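# Understanding the architecture of this molecule
Here are the chains, one letter per residue:
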Protein chains: 2
Amino acid sequence: MLRIITERTEARAELRRICDRTHDERVVHKEATVREVIQAVQRQGDRALLHYTSEFDGQTLKPEELRVSGSELDAAYQQVSKELLDAIRLAKVQVEAFHRQRVPKSWVQFGENEVVLGKRYTPVDRAGLYVPGGRAAYPSTVLMNAIPAKVAGVPRIVMCTPPGPDKTLNPAVLVAAQEAGVTEIYRVGGAQAIAALAYGTPTIPNVHVITGPGNIYVTLAKKLVYGTVGIDSLAGPSEVLVIADSQANPVHVAADLLAQAEHDPLAAAILITPDGNLAKQVVAEVENQLAEHPRRTLTEKAIAHYGVAIVVESLEVAAELSNEFAPEHLELEIAEPWDLLPQIRHAGAIFLGNSTPEAVGDYLAGPNHTLPTSGAARYASALSVEVFMKHSSLIQYSPKALQKVAGAIEVLAQAEGLPSHAESVRLRRENL
Amino acid sequence: MLRIITERTEARAELRRICDRTHDERVVHKEATVREVIQAVQRQGDRALLHYTSEFDGQTLKPEELRVSGSELDAAYQQVSKELLDAIRLAKVQVEAFHRQRVPKSWVQFGENEVVLGKRYTPVDRAGLYVPGGRAAYPSTVLMNAIPAKVAGVPRIVMCTPPGPDKTLNPAVLVAAQEAGVTEIYRVGGAQAIAALAYGTPTIPNVHVITGPGNIYVTLAKKLVYGTVGIDSLAGPSEVLVIADSQANPVHVAADLLAQAEHDPLAAAILITPDGNLAKQVVAEVENQLAEHPRRTLTEKAIAHYGVAIVVESLEVAAELSNEFAPEHLELEIAEPWDLLPQIRHAGAIFLGNSTPEAVGDYLAGPNHTLPTSGAARYASALSVEVFMKHSSLIQYSPKALQKVAGAIEVLAQAEGLPSHAESVRLRRENL
């Protein structure tokens, strides 16, 4: 049951509680386990991977089964329907088109004063993509992570995903990986997969950037290896915040809230509206649509714990509360969504108008569905091509150009107590 | 004494050892201390800050002394020379000009098919800048961190730096902060400052991005609070790799190597050259310049432990070894530096030619001097304006546009077992 809140202080406290829902003392203890797994993989390589796959996934693999074979990859195409393959291909085309826009380009500027400055962008050599198994084995996850790496120009895209029963993998995931340009796939999950990607094993190459969602063990492992490799973000459970006015359709709003809640018992679904009547209708409609929901237990749990409908005086207040929450997904189901946009400061993705349910962006609109959660939209953004690239600054001074600034450099170096910094300039000045 | 290595396998092993010089088992134990400091600041706020400042910095502050006063800020201008103020202002102008180039801009694209897509860039609300005290209290650090935040449009830039003897702060640091647009300065350092910036205290506001270098405690604290806030990177000790050919001046090369070594006993200074004779001359010249070096003990230590001159067959091999090391700073003191550039894959900043010592980039060429260390240039880049901005994806579909892709979305949602995702589209389709 979606609770209705009309009082501002209570609403603020509730949004705060929901935002902080994954801050958990138990994390520290799990971290010790994860640290152990990582060290075992560093020391024992593939042997540790097989050990943990048996222990955590209940699958006994031979070393040569770690890498997914070509015949298995071919076979996956026979196991997905024509409609699904077409849908994956449509999504691929649109996601790729969006990510091809504004890809950073190298530039060099020749100044009038014999100074050359620039930035040179290059892709990373190898990227690692983690794809969860079980409840969250989604082909869309593969597309959203592999495509930006491909567009960045990464020559080697390595994917890890845990084996399901009988060592199998989701065929739609395998097809999406091939369509998106993944170069190799390994049948391993959890913290052990992250460790393998960060440090390498005889079978799995180490990579330089690891992206992709995962459970708390995967997330903790990503945090621990960050610094040895780059990572995309520390993703938490998903969330949607819908701002709706009286012209919104409560049936649609309810479906959008449930589309978030059905992901995870920790998912959050928030409605903010100036229309108390709409709030009531949405609450009723959520119950209605839950009645026959195939994932009812899980979805109901999310709605009960992290679902709320907040009634406010105006859309301005709705925007203010939304900014405080900094949602991963923000839907503006209001008459004039573009008018409210300037007041929105923090949101991972913004869905404007009544005909743009979040599902459009989840699958195929083009923008990335890997988005900052738990308030991270205050400082972070969607996964992008830039995550798979880095740049080198370029600097060239002529002898004359150096001469001009030598005095200032020497003064600064002396002030910082770094004599050889000053010398490196002074000696060159004398040479002229 | 700079060692000369001519054997390839030995060179590789040595570069590997130098790259890994900060990987240290003791870090785990320090992390427990840092975790404790962070928790104390979260629980006790300013009281914990005063406690740790007394314990770690030996300075007993009153709560109202945490914030640096206006009169203290004014007084700093009286304590720096006219030459230093001019040099700081020249550096500011040039660094700002470079960072103003290619600042990400919001864009919206109206597709022919009633689809609107875009990216909206906004600055973070508040940024926190850490500036170390003691040996590394550098005005250039302030400029390099505050200017990109200012250019990004961050309205509130908060700086923390530990108090020196008699609670004083380095006047050049205070002047640089004011010139660069820092809005408030707090007299607190170490892990406690990072905790204050991440979680806020009654005196210090919480921020959304923390940047700036620091000792191992500061770096560990940044890693721990990452996820609650954004951070720039986990900086290690500095390093330079010089590729030089026979036309390079050994006196200049030696000065450049020492300009790195004088930073820190953990700093690394590497020469790679195809000219064995040059290597010998540089070794002799390093000894020569060390004889009277004001920071001789520290600098000698760095050279002895992490200094090396590698003689190779060709510039191509030099580039290959450089790529394996992925240096923070790369100097190309060779006849045709632009010709070698395409072979360089990983480097934080590249200094081309004989008249571009690293010191030019450290102070005033324009590009940021906060660069990836310890091999992080494989995936990371210089601190940039982007670190202080984030973007929201924008998506708007018309009813007709949604209609067109509804089938594909439903197929994908069904394949992923997410019925409400499909419903959120199907219900809207029926409405048409």
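Note that the coordinates shown come from a computational prediction; the quantities given were computed from them, not determined experimentally.

## Here we look at the overall build of chain A
For chain A, the count of helices and strands is 17 helices and 14 strands. The C-alpha extent of chain A, read off along each of the three principal axes, is 85 × 60 × 45 Å. By residue count, 62% of the 432 residues in chain A fall in the buried class. For chain A, restricting intrachain contacts to residue pairs at least 6 apart in sequence, the fraction spanning at least 24 positions comes to 75%. If you sum the accessible surface of chain A, you get close to 15700 Å²; carbon and sulfur atoms cover 50% of it. Looking at chain A, you have 41 positive and 51 negative side-chain charges, and the mean spots of the two groups are 8 Å apart.

## Describing the pairing of strand S14 (residues 389–397) of chain A
Residue and element names in this part refer to chain A. Most of S14 is tucked away, with nine of its nine residues classed as buried. Along S14, one buried face is formed by Met 389, His 391, Ser 393, Ile 395 and Tyr 397 and the opposite face, lined by Lys 390, Ser 392, Leu 394 and Gln 396, is buried too. Examined bridge by bridge, strand S3 (residues 115–123) and S14 share nine bridges and lie antiparallel to one another. Each residue of the ladder has a partner; that of Thr 122, found in S14, is Lys 390.

## What to know about the environment of B:Glu55
Locating B:Glu55 in the fold gives a position in helix H3 (residues 46–57). With 292 residues separating them along the chain, B:Glu55 and B:Ala347 place their C-alpha atoms 39 Å apart.

## Section: the domain arrangement of chain A
Residues and elements named next belong to chain A. Once the domains are mapped, chain A shows domain 1 (3–22 + 236–366), domain 2 (27–115 + 122–231) and domain 3 (398–431). Computed from C-alpha atoms alone, the centre-to-centre distance between domain 1 and domain 2 is 31 Å. Summing both partners gives a buried area of about 810 Å² for domain 1 against domain 2, and 54% of it is carried by carbon and sulfur. Interface area lost by domain 1 to domain 2 is led by Tyr 363, Leu 364 and Gly 366, which between them contribute 57%. If you look at where domain 1 meets domain 2, you find one residue pair in polar contact (both at pLDDT 80 or more). Ranked by residues supplied to the side of domain 1 that touches domain 2, first place goes to helix H15 (residues 358–363) with three residues. Considered class by class, the residues forming the side of domain 1 that touches domain 2 number five nonpolar, three polar and three charged.

## Comments concerning helix H16 (residues 399–415) of chain A
Counting along an α-helix, one turn takes 3.6 residues, and residues three or four places apart therefore face a common direction. All names here are of chain A. Relative to the 24 Å expected for 17 residues at 1.5 Å per residue, H16 spans 24 Å between its end C-alpha atoms, a close match to the ideal helical length. Most pronounced at Val 405, the bend in H16 amounts to some 50°. Among the residues trailing H16, Gly 417 stands out with phi positive, at a value near 65°.

## Observations regarding the packing of aromatic side chains
Summed over all chains, the structure comprises five aromatic pairs over all chains. Of note, A:Arg21 hangs over the ring of A:Tyr306, and the distance from its end group to the ring centre comes to 5.8 Å.

## Describing the UniProt feature "binding site: NAD(+)" (unreviewed entry) in chain A
Residues and elements named next belong to chain A. According to UniProt, the feature "binding site: NAD(+)" (unreviewed entry) maps to Tyr 130, Gln 192 and Asn 215 in the numbering used here. A maximum C-alpha distance of 12.6 Å among these annotated residues, which run over 86 residues, shows that they cluster at one spot. Relative to the elements of secondary structure, Tyr 130 occurs in strand S4 (residues 126–130). Classification of Tyr 130 as buried rests on a relative accessible area of 4%. With residues up to four places along the chain from it excluded, the contact list for Tyr 130 reads Cys 160, Pro 162, Val 188, Gly 189, Gly 190, Ala 193, Ile 194, Thr 211, Gly 212, Pro 213, Gly 214 and Val 218. A distance of 2.8 Å separates a polar atom in the side chain of Tyr 130 from the backbone nitrogen of Gly 190. Beyond its immediate stretch of four places on either side in the chain, Gln 192 contacts Val 37, Val 41, Leu 49, Tyr 52, Thr 53, Phe 56 and Asp 57.

## Let's talk about the sheet that holds S4(A)
Residues and elements named next belong to chain A. Reading across from one edge, S6-S5-S4-S7-S8 is the order of the five strands in this open sheet, with parallel pairing throughout. Among the strands making up the open sheet, the edge pair consists of strand S6 (184–186) and strand S8 (230–231). Pairing of S4 with strand S7 (residues 209–211), which is carried by three bridges, proceeds in the parallel orientation. Bridging across to S7, Leu 129 finds its partner in Thr 211.

## Brief notes about the interface of chain A and chain B
In this assembly, 120 residues from chain A lie in contact with 120 residues from chain B. In total, chain A and chain B occlude about 10300 Å² of area from one another, counting both sides; carbon and sulfur atoms represent 60% of this. Linking chain A to chain B there are eight salt bridges. Of the charged contacts in the structure, one is a salt bridge between B:Asp256 and A:Arg428, with a shortest N-O distance of 2.9 Å. Where chain A touches chain B, the interface holds 63 residue pairs in polar contact (both at pLDDT 80 or more). Here S14(A) pairs with strand S13 (residues 349–352) of chain B via three bridges, running parallel.

## Let's talk about the UniProt feature "active site" (unreviewed entry) in chain A
Residues and elements named next belong to chain A. Look at the UniProt record and you will see "active site" (unreviewed entry) annotated at Glu 328 and His 329. Turning to its location among the elements, Glu 328 is positioned in the loop between helix H13 (315–325) and strand S12 (329–333). Those residues in contact with Glu 328 that sit more than four places away from it in its chain are Ser 238, Glu 239, Ala 347, Gly 348, Ala 349, His 369, Leu 371, Pro 372 and Thr 373. One polar contact links Glu 328 to Ser 238, side chain to side chain, over a distance of 2.9 Å.

## Describing unusual backbone geometry
With a phi close to 55°, A:Ser374 is a non-glycine residue in the positive phi region. By secondary structure assignment, the location of A:Ser374 is in the loop between H15 and S14. In this structure, B:Asp166 takes a positive phi of about 55° despite not being glycine. Its place among the elements puts B:Asp166 in the loop between strand S5 (156–160) and helix H7 (171–180).

## Let's talk about the side chain of A:Glu285
Within the secondary structure, A:Glu285 sits in helix H11 (residues 276–291). There is no salt bridge for the buried A:Glu285, and the closest opposite charge comes from B:Arg426, which lies 9.1 Å off by N-O distance. With residues up to four places along the chain from it excluded, the contact list for A:Glu285 reads A:Pro250, A:Val251 and A:Ala254.

## Some details on the pattern of salt bridges
Within the structure shown, the criterion is met by 50 salt bridges over all chains. One salt bridge connects A:Glu31 with A:Arg35, and the closest N-O pair in it is separated by 3.3 Å. In this pair, A:Glu31 and A:Arg35 are both assigned in helix H2 (residues 27–44), four residues apart and thus about one turn of the helix distant. Between A:Arg100 and A:Glu96 there is a salt bridge, and its shortest N-O distance comes to 3.1 Å. Overlapping salt bridges bring together A:Glu31, A:Arg35, B:Glu31 and B:Arg35 as one network.

Rules of the game
- Residues numbered from 1 in each chain as written.
- Chains lettered and ligands numbered in written order.
- Predicted model: local features only at pLDDT ≥ 70, side-chain atom pairs only at ≥ 80, totals over all residues.
- Heavy atoms only, no water.
- Helix = DSSP H or I, 4+ residues; strand = E, 2+ residues; numbered from the N terminus.
- Buried < 20%, exposed > 50% of the residue type's maximum accessible area, 1.4 Å probe, protein only.
- Contact = heavy atoms within 4.5 Å.
- Areas by Shrake-Rupley, 256 points an atom, 1.4 Å probe, with all protein chains shown as cover.
- Lys, Arg positive; Asp, Glu negative; His and termini not counted.
- Charge placed at Lys NZ, Arg CZ, Asp CG, Glu CD.
- Pairing = 2+ DSSP bridges.
- Domains from an automatic or database assignment.
- Buried area = accessible area lost by both parts, 1.4 Å probe.
- Polar contact = N/O pair within 3.5 Å; in protein donor to acceptor, adjacent residues only side chain to side chain.
- Nonpolar A, V, L, I, M, F, W, Y, C, P; charged D, E, K, R; others polar.
- Expected span 1.5 Å × (residues − 1).
- Bend = angle between axes of the 7 residues up to and from the residue.
- Phe/Tyr/Trp six-rings, centres within 6.5 Å; stacked < 30°, edge-to-face > 60°.
- Lys NZ or Arg CZ within 6 Å of the ring centre and 35° of its normal.
- UniProt positions renumbered as here; feature names shortened; annotations may be inferred.
- Salt bridge = Lys/Arg side-chain N within 4 Å of Asp/Glu carboxyl O.

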